[in-house]
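Residues per chain are reported as follows:
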Amino acid sequence: MMNRKKFRLRLPARTLELGEHTLIMGILNVTPDSFSDGGLYLDAAAGVARAMAMEAAGADIIDIGGESTRPGSAGVSADEEMRRILPVIEKLRGKIRIPISVDTSKAEVAEAAALAGAEILNDVTGLRNDPRIAEVARRRRLGLILMHMRGTPRTMQEAPFARDVIRDVSSGLRRSVALALKAGVAKSRLVVDPGIGFGKSHEQNCELIRRLPELAKLGFPLLIGTSRKSFLGSALKQTAEKDRIWATAATVAASILQGAHIVRVHDVAEMAQVALVADAVRLPKLLRKNR
């Protein structure tokens, strides 16, 4: 069990304390084709209601995405992505107290989202698709999550996997961090994500969770997203994403005990309980605080 380092993540309107309590990032996909909840929140009113419900259930951040990055997906234009996400962000202004993150790999979308009120950019390509996202983060003083992806969503599960996944992820994240810092993004605004499920085998996903302390040596807060993913279905020998909640819970607990600062999940209320207990196991004084 890792002794998790503490960080302060600086955002435009606040600073998030990372390290004592695990933060819950609630997933809000306003897409017709995301792997688990595609089509459920494509309507802006449904998306707003879902975001508010996740905040009430214990989310610390809402991550809004307008483009599916599931295996095999082809992507959408920046205009279409903005058409999906901007009405939701704008309608949430003043309705929720927690920060909004936008899951995008396009600088144009990032800029528009920041103007609408987003405080964090979550780039699943780690600046490989559009390095200008780092410039948006610098100018707007946004938090920036840099994820590792091997390949592209269309082909990432078909191309050869890395022979050494820890080396591959570490070197990829170092490149992404270097690009962000060169663009002028402050180190205190960065979070890294090893990209569970993005160009890794099922076994490598488990290995990444087990070896998170090695990735912590990069010196940045760690975000982990395992929610309902296919490697869980492989372990369970079933395919229905909605039936993977307990498997997700196991990986969320394991990730926290191995040093994750933020967990990105669909099932906020349930995973908030998992995080609360995992934090208490990791740091018993938290259990006494909650009595």
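Everything here concerns the structure above.
The structure displayed is predicted, hence computed values, not measured ones.

Novice: Even after reading the chapter, I still don't get a nonpolar patch on the surface, so can you show me in this structure?
Specialist: Side chains of Met 1, Leu 276, Val 277 and Val 281 sit close together on the surface and give an oily, nonpolar patch of about 400 Å² of accessible area. Within the secondary structure, Met 1 is located in the segment before β1 (7–10). Note on Met 1: relative accessible area 61%, which makes it exposed.

Novice: In this structure, what is going on with helix α2 (residues 78–92)? I would like to understand it.
Specialist: An α-helix turns once per 3.6 residues; consequently, residues spaced three or four apart project the same way. Its 15 residues place the ends of α2 21 Å apart at the C-alpha level, agreeing with the 21 Å of an ideal helix rising 1.5 Å per residue. Most pronounced at Ile 85, the bend in α2 amounts to some 30°, and the proline Pro 87 follows within four residues. Listed as buried for α2 are Ala 78, Glu 81, Met 82, Arg 84, Ile 85, Leu 86, Val 88, Ile 89 and Leu 92. In this structure, the buried side of α2 is in contact with β3 (23–29), α1 (44–57), β4 (61–65), β5 (100–103) and α3 (107–116). Downstream of α2 by one or two residues, Gly 94 has phi in the positive range, about 85°.

Novice: I keep staring at the environment of Asp 130 and nothing clicks. Help me out?
Specialist: Its place among the elements puts Asp 130 in the loop between β6 (120–123) and α4 (132–140). Considering only alpha carbons, one finds Asp 130 and Thr 104, 26 residues apart in sequence, at a separation of 9.9 Å. Those residues within four positions of Asp 130 in sequence are excluded, and the remaining contacts are Ser 105, Lys 106 and Ala 107. Among the polar contacts listed, one links the side chain of Asp 130 to the backbone nitrogen of Ala 107, at a separation of 3.0 Å.

Novice: Sorry, what's going on with the packing of aromatic side chains here?
Specialist: What describes a pair of aromatic rings is the distance from one ring centre to the other and the angle between the planes of the rings. Per the stated rule, a full pass over the model turns up 0 aromatic pairs. Above the plane of the ring of Phe 220 lies Lys 187, whose end atom (NZ or CZ) is 5.3 Å from the centre.

What counts as what
Residues numbered from 1 in each chain as written. Predicted model: local features only at pLDDT ≥ 70, side-chain atom pairs only at ≥ 80, totals over all residues. Heavy atoms only, no water. Patch = residues over 30% accessible without salt bridge, like charges linked within 9 Å, V, L, I, M, F, W, Y side chains within 5 Å. Areas by Shrake-Rupley, 256 points an atom, 1.4 Å probe, with all protein chains shown as cover. Salt bridge = Lys/Arg side-chain N within 4 Å of Asp/Glu carboxyl O. Helix = DSSP H or I, 4+ residues; strand = E, 2+ residues; numbered from the N terminus. Buried < 20%, exposed > 50% of the residue type's maximum accessible area, 1.4 Å probe, protein only. Expected span 1.5 Å × (residues − 1). Bend = angle between axes of the 7 residues up to and from the residue. Contact = heavy atoms within 4.5 Å. Polar contact = N/O pair within 3.5 Å; in protein donor to acceptor, adjacent residues only side chain to side chain. Phe/Tyr/Trp six-rings, centres within 6.5 Å; stacked < 30°, edge-to-face > 60°. Lys NZ or Arg CZ within 6 Å of the ring centre and 35° of its normal.

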